[in-house]
Protein chains: 2
Amino acid sequence: MIQDELTGAVTIGEASRISGLPIETLRYYDREGLFGELPRDAGGRRRFTPDALGLLDVLLRLRRTGMPVEQVREFAEYVRAGDHLRAGRLALLRAHRERVAMDLAQLQADLEVIDWKIAAYQAAEDGNDPPPRDSMTTN
Amino acid sequence: MIQDELTGAVTIGEASRISGLPIETLRYYDREGLFGELPRDAGGRRRFTPDALGLLDVLLRLRRTGMPVEQVREFAEYVRAGDHLRAGRLALLRAHRERVAMDLAQLQADLEVIDWKIAAYQAAEDGNDPPPRDSMTTN
DNA sequence: GGTTGACCTGGAGTGGGCTCCAGGTTGCAT
DNA sequence: ATGCAACCTGGAGCCCACTCCAGGTCAACC
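For the structure given in this document, a descriptive report is provided here. (Residues numbered from 1 in each chain as written. Chains lettered and ligands numbered in written order. Predicted model: local features only at pLDDT ≥ 70, side-chain atom pairs only at ≥ 80, totals over all residues. Heavy atoms only, no water.)

### Focus on the protein's contact with DNA strand C
The condition is simple: Summary of the distance rule: residues count as near a molecule or strand when at least one heavy atom falls within 4 Å of that molecule or strand. Think of a polar contact as two N or O atoms within 3.5 Å of one another; within protein, one of them needs to be a possible hydrogen donor and the other a possible acceptor, and neighboring residues in sequence only count if both atoms come from side chains. Only DSSP runs of H or I reaching four residues or more are called helices, and only runs of E reaching two or more are called strands; each is numbered from the N terminus. Side-chain classes are defined by residue name, with Ala, Val, Leu, Ile, Met, Phe, Trp, Tyr, Cys and Pro counting as nonpolar, Asp, Glu, Lys and Arg as charged, and the others, Gly among them, as polar.
By nearness alone, 21 residues border DNA strand C, and Tyr29, Arg45 and Arg63 of chain A together with Arg27 and Arg46 of chain B come closest of all. For DNA strand C, the backbone makes up 72% of the atoms found within 4 Å of the protein, where backbone means sugar plus phosphate. Residue Arg63 of chain A places a side-chain N or O atom 2.9 Å away from a phosphate oxygen belonging to DNA strand C. The element best represented in the surface near DNA strand C is helix H2 (residues 23–31) of chain A, accounting for five residues. Looking at side-chain class alone, the surface near DNA strand C contains seven nonpolar, five polar and nine charged residues.

### Focus on the protein's contact with DNA strand D
Close contacts around DNA strand D come from 19 residues, with Thr11, Arg27 and Arg46 of chain A together with Tyr29 and Arg63 of chain B the closest. Among the atoms of DNA strand D lying within 4 Å of the protein, the sugar-phosphate backbone contributes 75%. In this structure, a phosphate oxygen belonging to DNA strand D sits 2.8 Å away from a side-chain N or O atom of Tyr29 of chain B. Side-chain polar atom of Arg63 of chain B to a phosphate oxygen of DNA strand D: 3.0 Å apart, as the coordinates give it. No other element matches the five residues that helix H2 (residues 23–31) of chain B contributes to the surface near DNA strand D.

### Considering the side chain of Asp41 of chain A
For clarity, the threshold we go by: For every residue, the accessible area (1.4 Å probe, protein chains only) is compared with the maximum for its type, and the residue is labelled buried under 20%, exposed over 50%, or partly exposed between those bounds. By the counting rule applied here, Lys and Arg register as positive and Asp and Glu as negative, while His and the ends of each chain are not counted. Salt bridge, as used here: a side-chain nitrogen of Lys or Arg that lies within 4 Å of a carboxyl oxygen of Asp or Glu.
When you line up the elements, Asp41 of chain A lands in the loop between H2 and helix H3 (50–64). No salt bridge is formed by the buried Asp41 of chain A. Its closest oppositely charged neighbour is Arg45 of chain A, at 4.5 Å.

### Examining the relation of the copies chain A and chain B
In plain terms, the rule: Copy-to-copy alignment: least squares on C-alpha atoms, limited to residues at pLDDT 70 or above in both. Contacts are assigned to residue pairs with any non-hydrogen atoms lying within 4.5 Å of each other.
Superposition record for chain A on chain B: RMSD 0.1 Å, screw rotation 180 degrees, translation along axis 0.0 Å. Taken together, the turn and the small shift mark the pair as related by a two-fold rotation axis. Measuring from the rotation axis to each C-alpha of chain A, the shortest distance belongs to Leu104 of chain A, at 3.6 Å. Most of the interface of chain A is mirrored in chain B, where 100% of its interface residues again form contacts.

### A short note on the packing of aromatic side chains
Worth spelling out the cut-off: Pairing of aromatic side chains requires ring centres within 6.5 Å, counting the rings of Phe and Tyr and the six-membered ring of Trp. Pairs whose planes differ by under 30 degrees are stacked, by over 60 edge-to-face, and all others tilted. Only when the NZ of Lys or the CZ of Arg is both within 6 Å of the ring centre and within 35 degrees of the ring normal is a charge said to sit over the ring.
Under the criterion given, the structure shown has four aromatic pairs over all chains. A centroid spacing of 5.7 Å and a plane angle of 40 degrees characterise the contact between Tyr28 of chain A and Tyr29 of chain A, whose relative ring orientation is tilted. For Tyr28 of chain A, a relative accessible area of 33% translates into the label partly exposed. According to the relative accessible area criterion, Tyr29 of chain A is buried, its value standing at 8%. Above the ring of Tyr121 of chain B, the side-chain terminus of Arg89 of chain A is found at 4.7 Å from the ring centroid.

### Looking at the interface of chain A and chain B
The condition that has to hold: Note on terms: buried area is the combined drop in 1.4 Å-probe accessible area of two parts once they are placed together, counting the loss on both.
Facing 42 residues of chain A, the contacting portion of chain B comprises 42 residues. For the pair chain A and chain B, the summed buried area comes to about 4,000 Å², and 68% of that belongs to carbon and sulfur atoms. Counting across the chain A and chain B interface gives six salt bridges. One salt bridge connects Arg97 of chain B with Asp115 of chain A, and the closest N-O pair in it is separated by 2.6 Å.

### A word on the environment of Thr11 of chain B
Its location among the elements puts Thr11 of chain B in the segment before helix H1 (12–19). With relative accessibility at 24%, the residue Thr11 of chain B sits in the partly exposed group.

Following this line, the structure appears as structure tokens:
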């Protein structure tokens, strides 16, 4: 039984394929409480409902953008707690958003310098003049 | 003696202030061979030459963009080895560049979704309609 | 010449995030 | 009913990148 035809819930293996995360990691996340009370089938196996999968997609993005697991758990809890805590949820997300935006800017700047380095090496390789815009020394 | 007036070399403490890295981390990097043969003063203290500082700036960018320490060491070695290995240097940098570009794209996509989530929560808070463009479920 | 502060070493410890057992069910398919 | 694949648990182990000792040296200033 891969998919519950009625509810659309899937097994952990399927969830793994969908999300790209190893099964072990999904279990780890579950242990850490990221999914709250994940439903189980008669045999005790986890059933990832469409809701859980949707949540997982968001959690994954939070993780990928560098939010620590503990904070992701907090966020997931807010979500589960429902509407009256939306303020906390929003605040958490907003704060994170700022961090990510800064990381992004830093990453872009670093990438630019790396690209410039590549161009410089390439030029030297070809015996041409190095490109302009030095950021520091030329190694 | 903070700066050697003749060579422009600085102490580890100064290098730490310049780079923003803790002294401990600089020593760790040195142990890992990122700087190769770092010059020492009469008393055995590390002297960060302008060259070393310039290199450090690049290494730092590589680290920030997610290159593992071991690979950074490899790169630094190429640099030290001089011109005849420039091809390896270039290849390593190019490969890394691709990875970073992909990370960047992923980060941008994730940030977009997070922003959309924020907007959705905000709208719900205000009692307005949620914004368009759903990526998955609405939690 | 004694105190102070910045430096040194080798090595142990830490934290986050998985990742991997061992040993045990479950349930479809022969 | 026997095999097999996919699931389960509790707990140990691992990797990376630091981070933190303890105990010592060195140079400059009072």
